[in-house]
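Here is what each chain is made of, one letter per residue.
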Amino acid sequence: MSETQPPILSLRNVGKTFEMQGRRIEALHDASLDVARGEFVCLIGASGCGKSTLLRIVAGFESASTGEALMWGRPIKGPDPSRGMVFQDYGLFPWLTVRDNIGFGPASRGRPSREIKQTVDHFVDLVGLGKFADVYPHQLSGGMKQRVAIARVLANEAEVVLMDEPFGALDAMTRERLQDELLELWERTKLTVLFVTHSIEEAIVLSKRVIVMSAGPGRIDNDIEIGLPRPRDVSGAEFNDLRRSLSAKLHSHHGKVAA
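Residues numbered from 1 in each chain as written. Predicted model: local features only at pLDDT ≥ 70, side-chain atom pairs only at ≥ 80, totals over all residues. Heavy atoms only, no water.

Trainee: Outline the pairing of strand β9 (residues 209-214), listing residues and values.
Mentor: Every other side chain in a regular strand lies on the same face of the sheet, so the side chains alternate between the two faces. For β9, the buried fraction is high: six of the six residues fall into the buried class. The side-chain alternation of β9 yields two buried faces, one formed by Arg209, Ile211 and Met213 and the other by Val210, Val212 and Ser214. Bridge count between β9 and strand β10 (residues 219-225): six bridges; the pairing is antiparallel. The residue of β10 that forms the bridge with isoleucine 211 is aspartate 223. In this structure, the hairpin formed by β9 and β10 is closed by a connection of four residues, where glycine 216 is found at a positive phi of approximately 80°. (Buried < 20%, exposed > 50% of the residue type's maximum accessible area, 1.4 Å probe, protein only. Helix = DSSP H or I, 4+ residues; strand = E, 2+ residues; numbered from the N terminus. Pairing = 2+ DSSP bridges.)

Rendered as structure tokens:
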């Protein structure tokens, strides 16, 4: 991170407590994290470790119970187009075409129709869906739906893309292809990506840094730089050394929780 440029995202001792059936449940505890502009950062950890809660706080869908979440040094007080969320279930409007789904954000913000068309055309081409621009979500494969979801976030002028296990419901071949496409898109656009996954392999393939979280309550335990050159060889010795190291860290956290 540049010494002169502040982080685009910053979490300072963030905690989150929920009230459920008269009980207080601490989902996230004392989480601190900086993300530089243009970084691709993955969050990994077991179910219930607070990954999605952390992502929703950054998105502005949840507020922190303690600490603060900042974007460009300013408190995050609610959802904003500058932070776009991509979900596992796509979240597309089934009654809108691909083109209208992608243009929904600019249209809802009152952009001129000519500007909306130019924006939509650009992002339809960027994600390779030119032949499907006028079809509806139910006519698309899962991989195509996820491309539309990503394009919709980008068309809304997002600086940060927050991705909550976006490829988790896809078959292995489609998932691998979309990982490659996402990396190509990231390299071309210089977006900042915060990506939640259960897959250690996916985290190493995609990210510049991997954040390891443990549950009970959710904590950030490790922040690991991934220095492997791209494209990354999942069968290579260095890749598998990293996979074993991250797996050991995750299993040690399971042991702590079980104890």
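The structure having been displayed, the exposition proceeds.
Trainee: Provide a residue-level description of the sheet that holds strand β6 (residues 83-87), including the pertinent values.
Mentor: Ordered by their spatial adjacency, six strands build an open sheet running β6-β7-β8-β3-β9-β10, and the pairing between neighbours is mixed. A single partner strand is all that each edge strand has here, and the edge strands are β6 and β10. On average, each strand axis in the sheet is tilted by 20° relative to the strand beside it, whichever way the strands run. Pairing of strand β3 (residues 40-44) with β9 involves four bridges; the strand directions are parallel. Note on β9: the bridge partner recorded for valine 41 is arginine 209. Strands β6 and β7 (160-164) of the sheet are contacted by helix α4 (residues 142-155), whose axis makes an angle of about 170° with β6. (Axes fitted to C-alpha atoms, helices over the stretch in contact; angles between N-to-C directions. Contact = heavy atoms within 4.5 Å.)

Trainee: Explain helix α5 (residues 172-189) residue by residue, including any values.
Mentor: Along its 18 residues, α5 runs 26 Å from first to last C-alpha, staying within 8% of the 26 Å computed at 1.5 Å per residue. Within α5, the full set of buried residues consists of Thr174, Arg175, Leu178, Gln179, Leu182, Leu183, Leu185 and Trp186. Among the structural elements, β3, α3 (113-126), α4, β7, β8 (192-197) and α6 (200-206) are those in contact with the buried residues of α5. Lysine 190 sits one or two residues past α5 and shows a positive phi near 60°. (Expected span 1.5 Å × (residues − 1).)

Trainee: So, the sheet that holds strand β2 (residues 23-35): which residues are in play, and what are the values?
Mentor: Pairing within the open sheet is antiparallel, and its four strands lie in the order β2-β1-β4-β5. Since the sheet does not close on itself, it has two edges, and those belong to β2 and β5 (74-75), each with one partner. Strand direction decides the pairing type here: strand β4 (residues 66-71) and β5, joined by two bridges, are antiparallel. Paired with leucine 70 across the strands is proline 75, a residue of β5. Across the sheet, helix α1 (residues 51-59) is in contact with β1 (9-20), β2 and β4; its angle to β1 comes to roughly 115°.

Trainee: Could you give an account of the environment of alanine 158, with specific residues and numbers?
Mentor: Mapping alanine 158 onto the fold places it in the loop between α4 and β7. As for alanine 158 and serine 252, which are separated by 94 residues in sequence, their C-alpha atoms are 36 Å apart.

Trainee: Could you give me a rundown of the packing of helix α2 (residues 98-108) against α4, with the residues and numbers involved?
Mentor: As a packed pair, α2 and α4 sit with axes 7 Å apart at the nearest point and diverge in direction by 30°. The orientation of α2 relative to α4 falls into the category roughly parallel. α2 and α4 meet at a crossing whose hand is right-handed. For the pair α2 and α4, the contacting residues are Val98, Asn101, Ile102 and Pro106 in the first and Val148, Ala151, Arg152 and Ala155 in the second. (Parallel < 35°, antiparallel > 145°, perpendicular 65-115°, else oblique. Left-handed = near helix turned anticlockwise from the far one by under 90°.)

Trainee: A description of the pattern of salt bridges should follow, citing residues and the corresponding values.
Mentor: In total, this model carries 18 salt bridges according to the counting rule given. A salt bridge links lysine 208 to glutamate 39, with the shortest nitrogen-to-oxygen separation between them at 4.0 Å. Of this pair, lysine 208 sits in the loop between α6 and β9 while glutamate 39 is found in the loop between β2 and β3, placing the two residues 169 residues apart along the sequence. Among the salt bridges present, the one from aspartate 121 reaches lysine 117, with a minimum N-O distance of 2.8 Å. Placement of the pair is aspartate 121 and lysine 117 together in helix α3, with a separation of four residues, close to one helical turn. Bridged by salt links that share partners, the residues Glu39, Lys208, Arg209 and Asp223 form one connected network. (Salt bridge = Lys/Arg side-chain N within 4 Å of Asp/Glu carboxyl O.)

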